[in-house]
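Structural description and commentary
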There are 2 protein chains.
Amino acid sequence: MARIPGRLPTAPPTLADVAERAGVSRQTVSNAVNNPDLLRSDTLLRVQEAIEDLGYLPNRAARNLRTRASHLVGLRINPVQEGTASAIMDRFVHSLVETSREAGKHVLLFAGDPLDPLAGYDDLLRSTAVDAFVVTDTYLGNPQATWLGARRAPFVAFGRPWDNPSATHPWVDVDGAAGCALATTHLLDQGHERVAWIGWRKDSWIGEDRRSGWTRAMHERGLPTTGLASRVEDTVASGRGASAVLLDEARPTAFVCASDTLAMGVLHTLAERGLAAGRDVAVVGFDDSQVAQVVPPGLTSVRQPLEEVAVEVVKALEGLLAHPPAVGPGVLLTPTLAVRGSSSAVGFGS
Amino acid sequence: MARIPGRLPTAPPTLADVAERAGVSRQTVSNAVNNPDLLRSDTLLRVQEAIEDLGYLPNRAARNLRTRASHLVGLRINPVQEGTASAIMDRFVHSLVETSREAGKHVLLFAGDPLDPLAGYDDLLRSTAVDAFVVTDTYLGNPQATWLGARRAPFVAFGRPWDNPSATHPWVDVDGAAGCALATTHLLDQGHERVAWIGWRKDSWIGEDRRSGWTRAMHERGLPTTGLASRVEDTVASGRGASAVLLDEARPTAFVCASDTLAMGVLHTLAERGLAAGRDVAVVGFDDSQVAQVVPPGLTSVRQPLEEVAVEVVKALEGLLAHPPAVGPGVLLTPTLAVRGSSSAVGFGS
DNA sequence: ATATTGCTTTGGAACGTTCCAGACGACACG
DNA sequence: CGTGTCGTCTGGAACGTTCCAAAGCAATAT
C-alpha cells in the first residue's frame with residue numbers, strides 16, 4: 001500500500017500539467033485535443049508543443065467517466081473446439097481488432113459459459129465497461145440479440161437474425177448459399193455430375209442456407225440431388241462416416257461440405273480407401289481454415305470475406321454509437337472460392 | 001445530440017441511488033461492496049438488498065479513475081499468418097480470457113504493426129487504459145520486454161528472455177527442448193533409428209532450443225544426428241522441400257519438426273511420393289494445432305499446456321499488480337505429446 | 001459613442017467512485 | 001465521573017476529464 005516515491009512509474013502528465021506549461025487554462029488544452037479548430041492557430045501550436053513535450057495523452061478513465069463512453073467493444077469468445085477445423089472466429093477477431101483500431105476503438109474479450117449464451121453481457125453492460133457488443137454466435141437463433149435488444153444495449157450481429165427476419169438491429173452476414181452454389185458450380189464446371197452434400201442437422205439455419213446453394217446449383221443444371229445429401233454433426237468423424245456411406249450408396253464423384261471439418265472427414269475416408277483427393281474424388285469445404293490451406297493436396301474451400309465483415313461491423317457500430325444513432329439495413333456479403341488441389345485434376349501442386 | 005427521454009437506455013443506478021434507497025450514506029454503500037466486514041450485519045443486509053433491487057453495479061470508469069486501475073490486461077495480436085498451421089496464439093488467447101475472468105480481469109486486444117513491435121503499447125500505457133500487458137511474441141529476443149521494463153510498465157511475458165537471462169520481469173514458458181526430446185524418444189521407442197529434424201533458421205532462439213531436445217534424445221541413445229537436420233523458414237513449402245532433400249540424401253524413417261507447419265510440409269512430400277504417413281514414414285509436429293488434429297491420419301504433435309500457461313501468467317499478473325508488487329521467478333512448463341496416426345504403425349484409426 | 005456580433009478563452013460544476021479525517025454512540029477503564 | 005478506545009457510519013475532497021455559461025476583446029454595425 002505504501003507508495004515508495006521514485007520507484008513506481010511516474011504519474012503520467014495531466015491536462016493541468018499541460019495547461020500550466022502552455023500558459024493556458026485546462027479547458028483550452030482539452031479543446032486543443034478535441035476541437036482544435038476552436039483555438040487561434042498560435043495558441044493551438046503552443047499547446048500542441050506542450051503536449052508533445054510532456055508526452056501527454058488523455059486519461060482514459062476520466063474521459064470515459066465524463067463522456068459516458070469507453071470506446072470499447074465487447075466480444076464474447078467461447079472455448080476452443082478441439083478437433084474442429086474451422087477457426088473462423090479467430091480470423092474474424094483479428095480483422096475486427098485491426099478495423100476497430102482505425103475507428104479508435106479497442107476490443108474487450110470476455111469468456112462465456114457455452115451453456116449460458118447471456119453470461120457476461122449483463123455485467124459488462126451494467127458496469128458501463130463497454131459501449132457496445134459484437135455478437136457472433138448466432139448459429140441457433142440468437143437469444144443474445146433479443147435480450148440485448150430488450151435491454152436497449154447497442155450491438156451488431158455477425159449473422160442474420162434467422163429466427164426473426166423483422167429484427168431491427170444491425171447485422172452483417174456472409175451469403176452461405178451463394179458460397180455453396182459457387183463451390184458446386186465450380187465442380188460441375190470440372191465435369192462432375194454426381195456432386196454430394198454433407199451438411200449439418202436440419203435445425204441449423206446456417207446449414208440449411210448453405211445446403212440450399214448446393215441444391216440450387218444442381219437444379220440449375222438439371223441434375224438430381226436425391227440420395228446425394230447427408231446431414232450430420234459438425235465433426236471430422238461424422239464427415240468421415242457420412243462420406244463413406246455416400247460413396248457406397250450414391251457413388252458421387254465430388255463432395256461439397258458445410259464446413260472444412262466435414263471436408264476433412266471426407267479426406268479421411270478417401271485416404272482409407274486409397275483414393276486421391278482431387279484426382280479421384282473432388283472435395284470442397286467451407287471456411288478456408290488454416291487446415292484447408294496446408295493439408296495435402298490443399299482443400300478447396302469457400303472463403304468468407306472476414307476482413308470486409310469486420311469493416312462493415314465497425315461501420316455499423318459507429319452508426320449505432322453516433323448522435324443520433326443511425327442504424328442501416330443488414331449487410332450481406334458474398335464469399336469467394338479458394339481453389340486448391342482437392343478439386344482440381346492437377347492433383348498435387350500446392 | 002438530442003436526448004429523447006424514455007427511448008434511450010435508462011441510466012444505470014449509482015451509488016447515490018442505492019444509498020438513498022437503503023437510507024445510508026454513499027460511503028457505506030461503497031463499503032458494502034468493497035469492505036463488507038466494516039459494516040454492521042443488519043446494515044450490510046439492508047444495503048445488499050437495495051443493491052439487488054436496483055441491479056446496481058459500480059461504474060467502471062469512475063472506479064478506474066479513483067483507484068487508478070482498469071482491471072484490463074493488454075494483449076497485442078498480430079495479423080493471421082495465412083498458410084501457417086500453428087494458431088497457437090488463438091488457443092492461448094482463449095485460455096487467457098477465461099483465466100482472467102476468474103481473476104476479475106478482462107483482456108483488451110489491440111492490433112500491432114508487425115514491423116514495429118512497440119506500436120500500440122505506448123498509447124495504452126500513457127492513457128492508463130490497461131493495468132498491465134501480456135507479451136507473447138518473443139521469438140526474436142524481445143524489444144518489448146526491455147522497453148516496457150524501462151517504462152516501468154507491468155507486464156508478464158509468455159516466452160523466456162532468451163537474449164537476456166538476467167532479466168527480472170516475470171515470465172512463463174514451455175520447455176520446447178523437453179517437448180522435442182519427448183517426440184524423438186517416442187519415435188525411437190517405436191524402433192526408428194534415423195530420425196530427422198526440420199527446424200527453423202539459426203537465429204531463432206526457440207528453434208535452437210527445440211532442436212537441442214532432438215539432438216539430446218538422439219545422443220542419449222547413441223545415435224548420430226549429422227546430416228539428419230535441416231533449417232528452413234516456417235512455411236509448408238519449406239518443410240516440403242527440406243523433407244524431400246532429406247529423404248533423398250539421408251533416408252530417415254521419421255521426422256521431428258519444429259512446428260506443425262513444417263510437419264505438414266513433410267506430409268505433402270510423403271503424399272507426392274505415395275508414402276503413407278505413419279506406416280511408411282513417421283512424422284511429429286509441434287503445437288498440436290487444429291491441423292494436426294484433423295489431418296488424416298492425424299499428426300502426432302507436441303502440445304503446449306496453454307491452459308496452465310494462462311493460469312501462471314494470470315498468477316504472475318496478480319503478483320505484479322499487488323501492493324506491494326511481488327514478482328516471482330520464471331515458470332517453465334513441460335509439454336505433452338499428442339500421439340496420432342502419423343507416428344504409429346496402426347496408421348488410420350483416428 | 002454605443003450596441004451588436006463573432007471569435008477566443010476561461011472558471012466552475014459535474015461525471016461516480018474511493019480516500020480521508022472526523023463524528024457519533026457505546027462501552028470499558030482508571 | 002471523565003477519558004480513552006473501539007466499532008460504525010458520514011460528509012467533504014479528490015481522481016482527470018468535458019460540459020456549460022459566461023467573460024474578454026476586437027471588429028463591425030447602428
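Cut-offs used in this document
- Residues numbered from 1 in each chain as written.
- Chains lettered and ligands numbered in written order.
- Predicted model: local features only at pLDDT ≥ 70, side-chain atom pairs only at ≥ 80, totals over all residues.
- Heavy atoms only, no water.
- UniProt positions renumbered as here; feature names shortened; annotations may be inferred.
- Helix = DSSP H or I, 4+ residues; strand = E, 2+ residues; numbered from the N terminus.
- Phe/Tyr/Trp six-rings, centres within 6.5 Å; stacked < 30°, edge-to-face > 60°.
- Buried < 20%, exposed > 50% of the residue type's maximum accessible area, 1.4 Å probe, protein only.
- Lys NZ or Arg CZ within 6 Å of the ring centre and 35° of its normal.
- Near = heavy atom within 4 Å.
- Polar contact = N/O pair within 3.5 Å; in protein donor to acceptor, adjacent residues only side chain to side chain.
- Nonpolar A, V, L, I, M, F, W, Y, C, P; charged D, E, K, R; others polar.
- Core = buried A, V, L, I, M, F, W, Y, C linked by side-chain atoms within 4.5 Å.
- Contact = heavy atoms within 4.5 Å.
- pLDDT = per-residue confidence, 0-100.
- Buried area = accessible area lost by both parts, 1.4 Å probe.
- Salt bridge = Lys/Arg side-chain N within 4 Å of Asp/Glu carboxyl O.

As named in an unreviewed UniProt entry, chain A is LacI family DNA-binding transcriptional regulator, taken from Nocardioides deserti.

Listed under "domain: HTH cro/C1-type" (unreviewed entry) in the UniProt record, and renumbered for this structure, are residues 14–57 of chain A. The span residues 14–57 of chain A is 70% helix and 0% strand, and its two end C-alpha atoms sit 8 Å from each other.

This next bit is on the packing of aromatic side chains. Applying the stated rule across the entire model yields 12 aromatic pairs over all chains. Ring plane angle 65° and centroid distance 5.9 Å describe the contact between Phe 110 of chain B and Phe 133 of chain B, whose orientation is recorded as edge-to-face. With Phe 110 of chain B in strand 2 (residues 106–111) and Phe 133 of chain B in strand 3 (residues 132–135), this pair connects stretches of sequence that are 23 residues apart. Just as Phe 110 of chain B is buried, Phe 133 of chain B falls in that class too. Grouped by ring-pair contacts, the aromatic residues Phe 110, Tyr 121 and Phe 133 of chain A constitute a single cluster. In this structure, Arg 210 of chain A is placed above the aromatic ring of Phe 286 of chain A, and the distance from its NZ or CZ to the ring centre is 3.6 Å.

As a structural note, the neighbourhood of DNA strand C is formed by 25 residues, with Thr 43 and Arg 68 of chain A together with Leu 15, Gln 27 and Tyr 56 of chain B the closest of them. For DNA strand C, the fraction of protein-proximal atoms (within 4 Å) that sit in sugar or phosphate groups is 61%. The contact in question runs from a phosphate oxygen of DNA strand C to an N or O atom on the side chain of Asn 34 of chain B, over 2.8 Å. Contact between DNA strand C and Arg 63 of chain B: a phosphate oxygen at 3.0 Å from a side-chain N or O atom of the residue. When residues of the surface near DNA strand C are traced back to their parent elements, those giving at least two are helix 2 (26–34) and helix 4 (60–67) of chain A together with helix 2 (26–34) and helix 4 (60–67) of chain B. For the surface near DNA strand C, the leading source of residues is helix 4 of chain B, giving five residues. Classifying every residue of the surface near DNA strand C gives eight nonpolar, 10 polar and seven charged.

On to the nonpolar core. Ile 198, Phe 255 and Met 264 of chain A together with Ile 198, Phe 255 and Met 264 of chain B are the most contacted members of the largest nonpolar core, which totals 87 residues. Once you skip the residues sitting within four places of it in the chain, Met 264 of chain B turns out to touch Val 294, Val 295 and Pro 296 of chain A together with Val 236, Val 291, Val 295 and Leu 299 of chain B. With 50 residues, the next largest nonpolar core counts Val 93, Val 134, Phe 158 and Val 314 of chain B among its residues.

Next up on the list: the confidence of the model for chain A. Put simply, chain A has an average pLDDT of 91, and 95% of its residues get 70 or more. Contacts for the low-pLDDT stretch residues 1–8 of chain A, under 50 throughout, to residues beyond four places or in other chains number seven contacts.

A few words now on the protein's contact with DNA strand D. Leu 15, Gln 27 and Tyr 56 of chain A together with Thr 28 and Arg 68 of chain B are the nearest of the 25 residues found near DNA strand D. Of everything in DNA strand D that lies within 4 Å of the protein, sugar and phosphate atoms constitute 61%. Side-chain polar atom of Asn 34 of chain A to a phosphate oxygen of DNA strand D: 2.9 Å apart, as the coordinates give it. Looking at the surface near DNA strand D, the elements with two or more residues in it are helix 2 and helix 4 of chain A together with helix 2 and helix 4 of chain B. Counting residues per element, the surface near DNA strand D draws most heavily on helix 4 of chain A, which supplies five residues. Here the surface near DNA strand D is composed, by residue class, of eight nonpolar, 10 polar and seven charged.

Take the interface of chain B and chain A next. At the interface, 68 residues of chain B touch 68 residues of chain A. For the pair chain B and chain A, the summed buried surface comes to about 5900 Å²; carbon and sulfur atoms form 64% of the total. By the criterion of area lost to chain A, the three top residues of chain B are His 94, Gln 290 and Val 294 of chain B, representing 11% of everything that side buries. Run the count over chain B and chain A and you get two salt bridges. Between chain B and chain A we count 17 residue pairs in polar contact (both at pLDDT 80 or more) in total. Listing elements by their share of the side of chain B that touches chain A, those giving two or more residues are helix 4, strand 1 (72–77), helix 5 (88–102), strand 2, helix 6 (121–126), helix 10 (236–250), helix 11 (260–272) and helix 12 (290–294) of chain B. The element best represented in the side of chain B that touches chain A is helix 5 of chain B, accounting for seven residues.

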